[in-house]
Structures are given as structure tokens and as C-alpha cells.
Amino acid sequence: MSAVRLARGCSRLFLLELEARAEPLCFLLRAEPSAPSCLSSTLALLSAFGSARLFSLLVHGGGRVHRARSHAELVNALSSRLPPECRVLPLTAFLPGVKDSVTRGFFLRDESTSSSSTERVLNELKQSHALTVFSYEPEENGGGQYWCQELWGCPTTDTEAGENQRLYVTPVTAPQENPTALHIINSVVFYRLDDAYQVLEECRDIIPESKEVLEIVNQQLEAYRRDIGFPVVVIEGLDATGKTTLTESLQQALGATLLKSPPQCLAAFRQRFDSEPPLIRRAFYALGNYITAAQIARESLQRPVIVDRYWHSTAAYAIATAVSGAVEKLPALGSEIYEWPSDLLRPSLVLLLTVSPRERLRRLQGRGLGQTEEETQLEVNDLFRQKVDEAYKRIQNPACVTVDASPSPDQVLQQVLSLIRNKCHL
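Scoring rules and cut-offs
- Residues numbered from 1 in each chain as written.
- Predicted model: local features only at pLDDT ≥ 70, side-chain atom pairs only at ≥ 80, totals over all residues.
- Heavy atoms only, no water.
- Helix = DSSP H or I, 4+ residues; strand = E, 2+ residues; numbered from the N terminus.
- Contact = heavy atoms within 4.5 Å.
- Buried < 20%, exposed > 50% of the residue type's maximum accessible area, 1.4 Å probe, protein only.
- Pairing = 2+ DSSP bridges.
- Axes fitted to C-alpha atoms, helices over the stretch in contact; angles between N-to-C directions.
- Left-handed = near helix turned anticlockwise from the far one by under 90°.
- Nonpolar A, V, L, I, M, F, W, Y, C, P; charged D, E, K, R; others polar.
- Phe/Tyr/Trp six-rings, centres within 6.5 Å; stacked < 30°, edge-to-face > 60°.
- Core = buried A, V, L, I, M, F, W, Y, C linked by side-chain atoms within 4.5 Å.
- Polar contact = N/O pair within 3.5 Å; in protein donor to acceptor, adjacent residues only side chain to side chain.
- Parallel < 35°, antiparallel > 145°, perpendicular 65-115°, else oblique.
- Salt bridge = Lys/Arg side-chain N within 4 Å of Asp/Glu carboxyl O.

Trainee: Just checking my understanding: could you explain the environment of I206 for this structure?
Mentor: Inspection of the secondary structure assignment puts I206 in the loop between α5 (193–202) and α6 (209–220). Each C-alpha atom, one on I206 and one on V65, is 9.6 Å from the other, the two residues being 141 residues apart in sequence. Every residue in contact with I206, bar those within four places of it in the chain, is listed here: V65, R69 and R272.

Trainee: I'm lost on the pairing of strand β12 (residues 349–354) in this one. Help?
Mentor: The side chains of a regular strand alternate, residue by residue, between the two faces of the sheet. In terms of residue burial, β12 counts as a mostly covered element, since six of its six residues are buried. Judged by which residues are buried, β12 turns out to be covered on both faces: L349, L351 and L353 on one side and V350, L352 and T354 on the other are all buried. Note: β12 against strand β13 (residues 401–404), four bridges, orientation parallel. Considered in β13, the bridge of L353 is made with V403.

Trainee: Is there a simple way to explain the packing of α5 against α6 in this structure?
Mentor: Axes are the key here: two packed helices are described by the angle between their axes and the distance separating the axes. The N-to-C vectors of α5 and α6 enclose an angle of 150 degrees; their axes lie 9 Å apart at closest approach. As for how α5 packs across α6, the hand of that crossing is left-handed. In this structure, α5 contributes Y197, L200 and E201 to the contact, and α6 contributes S210, V213, L214, V217 and N218. A class-by-class count of the residues in the contact of α5 with α6 yields five nonpolar, two polar and one charged.

Trainee: So what exactly am I meant to see when it comes to the packing of aromatic side chains here?
Mentor: Note on aromatic pairs: each is described by the distance of the centres and the angle between the planes. Evaluation of the coordinates by the stated rule reveals ten aromatic pairs. Ring geometry for Y146 versus Y168: centroids 5.9 Å apart, planes at 85 degrees, classification edge-to-face. Here Y146 is found in strand β7 (residues 144–151), whereas its partner Y168 is found in strand β8 (residues 167–172), with 22 residues between them in sequence. Each member of the pair, Y146 as well as Y168, carries the same accessibility label: buried. Relative to Y285, the ring of F284 lies with its centre 5.1 Å away and its plane at 75 degrees, an arrangement referred to as edge-to-face. When its relative accessible area of 0% is taken as the criterion, F284 is described as buried. Here the aromatic cluster, defined as three or more aromatic residues joined through ring pairs, consists of Y191, Y310, W311 and W340.

Trainee: Sorry, what's going on with the nonpolar core here?
Mentor: Grouped burial of nonpolar side chains is what soluble globular proteins tend to show. Residues V189, V213, L287 and Y310 are the most contacted members of the largest nonpolar core, which totals 68 residues. Top contributing element to this core by residue count: helix α9 (residues 278–299), with 13 residues. When sequence neighbours within four positions are dropped, the list of residues in contact with V213 reads L200, L266, F269, F273, F284 and L287.

Trainee: What should I look at first to understand the side chain of K243 in this one?
Mentor: Tracing the backbone through its elements, the reader meets K243 in helix α7 (residues 243–254). One polar contact links the side chain of K243 to the main-chain carbonyl oxygen of G237, over a distance of 3.3 Å.

Trainee: Teacher, can you tell me more about the packing of α9 against helix α10 (residues 311–322) here?
Mentor: Running from N to C, α9 and α10 point in directions that differ by 165 degrees, and their axes come no closer than 9 Å. Between α9 and α10, the crossing angle belongs to the class labelled roughly antiparallel. Classified by chirality, the crossing of α10 by α9 is left-handed. Two secondary-structure elements touch here, α9 through R282, Y285 and N289 and α10 through W311, T314, Y317, A318 and T321. Per-class residue counts for the contact of α9 with α10 are four nonpolar, three polar and one charged.

Trainee: Just to check I follow, could you spell out the pattern of salt bridges for this structure?
Mentor: Opposite charge on two side chains permits pairing when their charged atoms draw close. Taken as a whole and judged by the stated rule, the model has 17 salt bridges. Residue R64 is joined to E202 by a salt bridge in which the shortest nitrogen-to-oxygen separation is 3.1 Å. Here the residue R64 occupies a position in helix α3 (residues 64–81), and E202 occupies one in helix α5, the gap between them amounting to 138 residues. Since its relative accessible area comes to 27%, R64 is described here as partly exposed. If you follow the salt bridges from partner to partner, you end up with R69, E209, R272 and E276 in one network.

Trainee: Looking at this model, I keep getting lost on the sheet that holds strand β10 (residues 257–260). Mind explaining?
Mentor: Through backbone hydrogen bonds, the strands of a sheet pair up, either in parallel or in antiparallel fashion. Across the sheet, which stays open at both edges, the five strands sit in the order β10-β11-β9-β12-β13 with parallel pairing between neighbours. Of all strands in the sheet, those bounded by a partner on one side alone are β10 and β13. Pairs of neighbouring strands in the sheet enclose a mean axial angle of 25 degrees, with direction left out of account. α7 rests against β9 (232–237), β10, β11 (305–308) and β12 of the sheet, and its axis sits at about 170 degrees to β11.

In C-alpha cells:
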């Protein structure tokens, strides 16, 4: 099947995200105009389309690593090269309920005075990326107004028979399940060592550091075992909830070993992989969890182990970033997305430190250096913070035990020591 047919399949839905808190607009394509099934969806779509020149771009071709990097490059290119009057919105094409059917792209509303600048950029991007571009035009048909999609920038003779026909945009009600949830498993959140490892294997020729990371993984996991000796306690929480202070205090109070995830042996590579798209970045951090697991297994033979962040953090931030929209759009409690990886060492206890948003911001004053992009986003994006917090609480087997970290550090320490002694019998 050609890229055009794949992108325009009439069974595919298209999800257009206008605002973070607003409901996305959903439409499909039909060969003939049809009466709308949902008036509110139709009015919202007509309002969103407005009188601007409209284009959609879908990334295709190559393997998953190539597509992920191409999408990330396009984000930068579109934001820097298009006229300021051209608004770029996330667009997703997918088959409802079908995993691995998600195709990511962009929707462009061009309100600039001249279309030549936008069209020049699109032509150049088509030459440098595996990209399919469509345009949209209004049409009066049977007394109703419709929008039609057609392949842009390609003469009819250059397309397969019938592929350049105009298809009618038909608004529909968006599905309850966010389509991004369909490709989270082993793409945004990894649930098996082999799946994360394979992503970096595919990066060997384009990211030289991948080879070094995989060598470290092989060394660290040479005798990896998933059972523990002494209890293992993980401390989780958003940035500035007191994790560092508490973990260091617990180390002294319990005579424990203190470990951090991602592990120190990967510290030199974090900046490099933080600049990569989610697929590659998530695989890197997933491998860090397995290295931490191997370290936990070794150290727990001698004494208790305290871990500053582990899989809960990796998964919660990834899920909150991948699923757009309101908190209600997160996969429901009980979804397999929140299940602990079957091949990853499980801790004895996971404690989630929480403080009020106002207290977090107070503690964050003067901070910022060394933060990841996602941690920085927590400071300015309340919706993102809510989604991370909720994802933390939905992860199961083991689930987090919530601890109010607002009191003084000593009070929090005594509260946590009591929990550990009761649940881990230390």
C-alpha cells in the first residue's frame, strides 16, 4: 500500500488537537459528502478551519527510529521557517482500537497574506523528508458546505489511479480512548529489556553513543537477577518534593546503600539522549532502570537499599507527555499501561512524596540547573503536573504509598521510617 493510501484510508480517523485543555476535533474521509452525525463536531470543525489556507502533513517511510527523528526535525523546521501567521497543530491518524496504527503529523492553518512562503517551505520539506502533504478546500454540495482533502503538490499523473481524488472531510465524535495510548507500550514506555535494547541497536549507525550505552548495559547486566535480599525502598515524587534530603537521611538512619536512577554510569550520556525524540530517549532511560535493578540486586545482598527514583518516574513522565489533553484522557486505572514490567526487579516499597503546587514552586525558586525539559515544564504547565501526579498514582504492582512531604524534613523522615518498619519489618 502506498504512503498516500495509508494516510487516506477511509477507515482511519484523524485527531486534530487545538488546545491542551480542549476536546480534540476528530474527522474521517469519505468519497462522497454525507450528512454530519454530530452537529457540534461539524460546527467546531468549520470554526477551526475558518478561512485560512489549510494543509496536513503526515510522516511516513523508513523504520520507527527514522520516523521518530524525522518528526522531531519537522517540529523544529516548521516552527522556525514558516511565517508567524501560520499555526502548526498536532495531527494524528489512526485506526480505532488497533495498536501500532498511529501515524503522527501536523495540521497547518496559514493566515499569512501570501501563500508562496508557506508553499516554498512545504516543497523543500517534501524533498528532504518522507512526507505526504494534503491541502483542504471548501466546497458547496447539495446545499451544504464541506471541506475536501486532496494530495498537494503532485500532478494527477504522478499518483496511482484514483489517489488524487478529492475526499470529503466528515466530522465524527472522538473515541473515548486517546489514540496515543495505542502505541505507548514498548514505544513510549518500555515493559521488557529486549524492547528497549532493540531501539538503541537500531540507533547504532546514527547515534554513536548508542554503542557505548549498550556495552555498559551488557557489562552491568551480565549476572542480572530479579530477587532481592534486604528490603528495597524507592522514593518517588515530582521535582522539589524533598527526595534528595529524605533519601540521604534514610541512608544514614538505616545503614543502607543509596542508589539513583538513572544510574551514574549513564550520566555522561543523558544530555545526548535528552535531545532525541521520545522513542529513543525513553529507551535510554528504560535501560537505565535495568542497570539500576542489577545494582539493587547486588547491593541488597549486603544491606537495605534506598533508591532515588525508579520505573514509576520513567513511566509517569512518559505517559503524561504522550497523552495529550486533560487528565481524563489518561488511560483508565487498571490499564495494562500501568503494569510493572515483568522482567524488572520489584522493590519492597515505593513511597510517593507530595507537596502542594504552591509549596513546590516556593522550593523551586532559584533552581533550574540540571533539570530535564519535562521537569522544567512542571513549573509552567499545571495540566502536565496533574497528569504526571495522576499517572504516578495509577501504576500498580507495586503501587505507590503517598507521603505528605510538607512538614519539616525531620518529621517526614520519622513518618517514612515508621512506614518502612511496619511494611518491611526493619
